Amino acid sequence: EMAEQTYKFFRVEINGNVAEVIFNTPKKLNALSVAWALEMQQIVQKLEADDSIFCILFWAEGKIFTAGLDLNEMLALSTEKLPGSKAAKSLVFWKLLKSFQQPFTTLDECKKPVVVAVHSKCIGGGVDFISACDIRLCTKDASFSVKETQIGMVADLGTIPRMTKIVGKGLYKEMIYTGEPLESSRAHQFGLVNEVYEDKEAMLAAARILCAKIAANSPLAVQGAKHILKYAEDHNISDTLAYIGSTRSQTHLEIR
């Protein structure tokens, strides 16, 4: 039923136990907005609840992966035009920002593995998006830029805490402070992407093979591993080992 449902910003295709979620507004350069984020959240939640889906693959139609935040949306986020006092404006902005951040958190916390395949430009909010996925792949011509700085904004959809864990502080600071694009070769060198492919076709073929390999494993074992990995990100080794012990004793009977 998921595949048959029509969405405004995405297309969903089910391939066995793998769901492909495709950015589907190429004429608008797959620009992001609050409505886009809420639809993405809705799709992720549906796929997470569907026991027949073991892995999720995101990719994009069109010339580029995403141009980032829609300019009209940016103007809406600018508090200049909001009515009321400075405090009232801040509150409205904070609420809007929270509604924008939450879908990215939903993606980040999705219990199923999420792979994203990036071609050409991935700008601004696109970097927020891919940093909330588990595994990133890209084409040779891909580049990643945190453009917000160049237009006087701070990247605040969750990228800062996530990206520093992925590529380290030095590189991410360079990306933020300059706003310059990170080319695919450096993205690979610093571990932002697992692999770089000659073109989009080769990347999607490899991405589908990777997702099929993930989906061939016990979904409970894979999701259990993701759960532990998430826990380990914010806890020390001894806490994590104790946590694994307590969760494993509850789930080892159910794995197969």
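See the structure shown above.
All chains use their own residue numbering, which begins from 1 and follows the written sequence. Totals for whole chains, interfaces and linings use all residues, but because this is a predicted model, local features are given only for residues with pLDDT of at least 70 and pairs of side-chain atoms are given and counted only at 80 or more. The side-chain quantities take in all heavy atoms of the structure and omit both hydrogens and water.

Caption draft 1: Structural context of helix H8 (residues 200–215). A run of DSSP states H or I qualifies as a helix once it reaches four residues; a run of E qualifies as a strand once it reaches two. Both are numbered from the N-terminal end. To estimate how far a helix should extend, the number of its residues minus one is multiplied by 1.5 Å. With 16 residues, H8 should cover 22 Å at 1.5 Å per step; its first-to-last C-alpha distance of 22 Å lies within 8% of that length. Of the surrounding secondary structure, the elements contacted by the buried residues of H8 are strand E2 (18–23), strand E3 (55–60), strand E4 (114–118), strand E6 (135–139), strand E9 (195–197) and helix H9 (219–233). By the criterion applied in these results, polar contacts are pairs of N or O atoms within 3.5 Å in which, for protein atoms, one can donate a hydrogen and the other can accept it, and in which residues neighboring in sequence qualify only through two side-chain atoms. A side-chain oxygen of the first residue of H8 lies 3.3 Å from the backbone nitrogen of glutamate 201; this N-cap is aspartate 199. Whether two residues are in contact is decided by their heavy atoms: any pair within 4.5 Å suffices.

Caption draft 2: Seen up close, the pairing of strand E1 (residues 10–15). The pairing of E1 with E2 spans six bridges and is antiparallel. Across the sheet, residue asparagine 15 finds its bridge partner in E2, namely valine 18. Linking E1 to E2, which pair antiparallel, is a turn of two residues; within it glycine 16 sits at a positive phi near 65°. Two strands are counted as paired when DSSP detects at least two bridges linking them.

Caption draft 3: View of the sheet that holds strand E5 (residues 121–123). An order of E5-E7-E8 is seen for the three strands of this open sheet, with the pairing classed as mixed. Every other strand in the sheet has two partners, leaving E5 and strand E8 (182–183) as the edge strands with one partner each. Inspection of the sheet shows strand E7 (residues 143–145) paired to E8 by two bridges, in the antiparallel sense. Among the inter-strand pairings, serine 143 is bridged to a residue of E8, identified as glutamate 183.

Caption draft 4: Layout of the sheet that holds E6. If you walk across this open sheet you meet the six strands as E1-E2-E3-E4-E6-E9, and the pairing is mixed. Of all the strands in the sheet, just E1 and E9 have a single pairing partner and so form its edges. Neighbouring strand axes in the sheet, compared pairwise and without regard to direction, differ in orientation by 20° on average. Pairing of E6 with E9, which is carried by three bridges, proceeds in the parallel orientation. Residue pairing in the sheet places leucine 137 in a bridge with glutamate 195 of E9. Axis definition: a line fitted to C-alpha atoms, limited for helices to the stretch in contact. Angles are taken between N-to-C directions and run from 0 to 180 degrees.

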